[in-house]
Amino acid sequence: MTDTATGIPSAPPTTPVADAAIVTRGLTKRFRRSGGRAAVDGLDLEVPRGAVFGFLGPNGSGKTTTIRMLLGLASPTAGDIRLLGGDMPRAGSTVLPRVGALVEGPAFAPFLSGAANLARFDAADPTSSRSTRAARVHRALDRVGLGAAAGKKAGAYSLGMKQRLGLAAALLGPRDLLVLDEPTNGLDPQGTREVRSLIRSLADDGTTVFLSSHLLSEIEQVCTHVAVMRSGRLVTSGTLDDLRAAGAPRVHVRTPDAEAAASTLRRLGMDAERTSADELDAVLPDGLEVEAVTSALVGDGVRVRGIAVSGASLEERFVELTGEGFDVDG
Ligand SMILES: Nc1ncnc2c1ncn2[C@@H]1O[C@H](COP(=O)(O)OP(=O)(O)OP(=O)(O)O)[C@@H](O)[C@H]1O
């Protein structure tokens, strides 16, 4: 799922809704103690199979509540959930074994080793075979880079190691879908990079990954799709490329030589649109500065009466969408 030339994740082909990994319709959760405001309010989500889907929103916007409902850990007040083609919660016993999850740091026994903790998790899965347990546990530990710490007590693990142990637990069985709530929480920059590359390699193997985050940079680096939450509501969703395009900077040129200007812009890789007799408008490609556009126009003898750039960066767009102080730093 990664474009090998650019390293940027590319979106998988759109799948029909019926075949999506996750579909929610009107999903709503109202807590009794919350004074009437819904924590999740009429959420319609579609997560295509094969996507790395970022669920982005500020603290308290309803991400964890949504994830808990997807996994059958909280019951919706209203709405429907389809997970891997099965209606939840009815299909839970057949669907959930194919879903690996990391939600709010799983509870590990501090006095047992990392490997022994995973063996306990594995034993709790009625579909797992005892004879292959040790191999499964060690494969999962190796996958998250904890092979060397397998025998160490989980209580002595750092926060980052505990987070990775949680990921290893999510990877014990073959999974079609991974649901990860803030998977890099508490990790140092090195741990964060490792988890990102693990997510990419899982996606390359065809696993659909749904991950929540309040960090735009995290979503930008690993995700093909994104949904943005604000106060329990979905404010936008789509491929990251679509969102980038929607907020891409545009250049506006005012000139009496519109024909000549259009041909210069074309040469620079821009598809200009004529907005009036003496005005043109085009998306400014990545890496091209407006100064370079101006000098190319002037160099071609175009009489430039005005040139301006408008449009927001992805960061500005997300801040605008969520309407609050938004954490955009990795
Ligand atoms: N058990 C609960 N009882 C009452 N209110 C709750 C409960 N769990 C969550 N809420 C409220 O629901 C809203 C959404 O919370 P949620 O934890 O889903 O948000 P979030 O986006 O995951 O935030 P964070 O990034 O801080 O985890 C918040 O206002 C929260 O206070």
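Residues numbered from 1 in each chain as written. Predicted model: local features only at pLDDT ≥ 70, side-chain atom pairs only at ≥ 80, totals over all residues. Heavy atoms only, no water.

**Quick word on helix α5 (residues 159–170)**
Rule in force here: Counting from the N terminus, the helices are the DSSP runs of H or I reaching at least four residues and the strands are the DSSP runs of E reaching at least two. How far a helix is expected to stretch is found by multiplying one less than its residue total by 1.5 Å. Three labels apply to residues, based on accessible area from a 1.4 Å probe with only protein chains included: buried if under 20% of the type maximum, exposed if over 50%, partly exposed otherwise in between.
The end-to-end C-alpha distance of α5 is 17 Å, a good match for the 16 Å that 12 residues give at a rise of 1.5 Å each. Counting buried positions over the 12 residues of α5 gives 10, a clear majority of the element.

**Concerning the pairing of strand β10 (residues 233–239)**
Rules: When DSSP finds two or more bridges between two strands, those strands count as paired.
Alignment of strand β9 (residues 225–230) against β10, held across 6 bridges, turns out to be antiparallel. By the bridge assignment, A227 is partnered in β10 with S237. The loop that links β9 with its antiparallel partner β10 comprises 2 residues; one of these, S231, has a positive phi angle of about 45°.

**Quick word on the site of the ligand**
Rules: Think of it this way: one heavy atom of a residue within 4 Å of a molecule or strand is enough to make that residue near it. The definition of a polar contact used here is a pair of N or O atoms within 3.5 Å, where within protein one atom must be able to donate a hydrogen and the other to accept one, and adjacent residues in sequence count solely through side-chain atom pairs. Surface accessibility in these figures is a Shrake-Rupley result with a 1.4 Å probe; residues are shielded only by whichever protein chains are displayed. Amino acids are sorted into nonpolar (Ala, Val, Leu, Ile, Met, Phe, Trp, Tyr, Cys and Pro), charged (Asp, Glu, Lys and Arg) and polar (every other residue, Gly among them).
The local shell around the ligand holds 13 residues, among which G60, G62, K63, T64 and T65 are the closest. R37 is positioned with one of its side-chain polar atoms (N or O) 3.5 Å from an oxygen atom of the ligand. Separating an oxygen atom of the ligand from a backbone N or O atom of G60 is a distance of 2.7 Å. Relative to its unbound accessible area of 630 Å², the ligand is 64% covered by the protein chains. Here the shell around the ligand is built from residues that sort into 3 nonpolar, 6 polar and 4 charged.

**With respect to the environment of L45**
Just so we agree on the cut-off: The contact criterion used throughout is that any non-hydrogen atoms of two residues lie within 4.5 Å.
In this structure, L45 sits in strand β2 (residues 40–47). A residue is classified by how much of its surface remains accessible, and L45, at 0% relative accessible area, is buried. In sequence terms L45 and G26 are 19 residues apart; their C-alpha atoms lie 8.9 Å from each other. If we skip the residues at most four places from it in the chain, L45 touches I22, V23, T24, R25, F53, F55, F210, A227 and L234.

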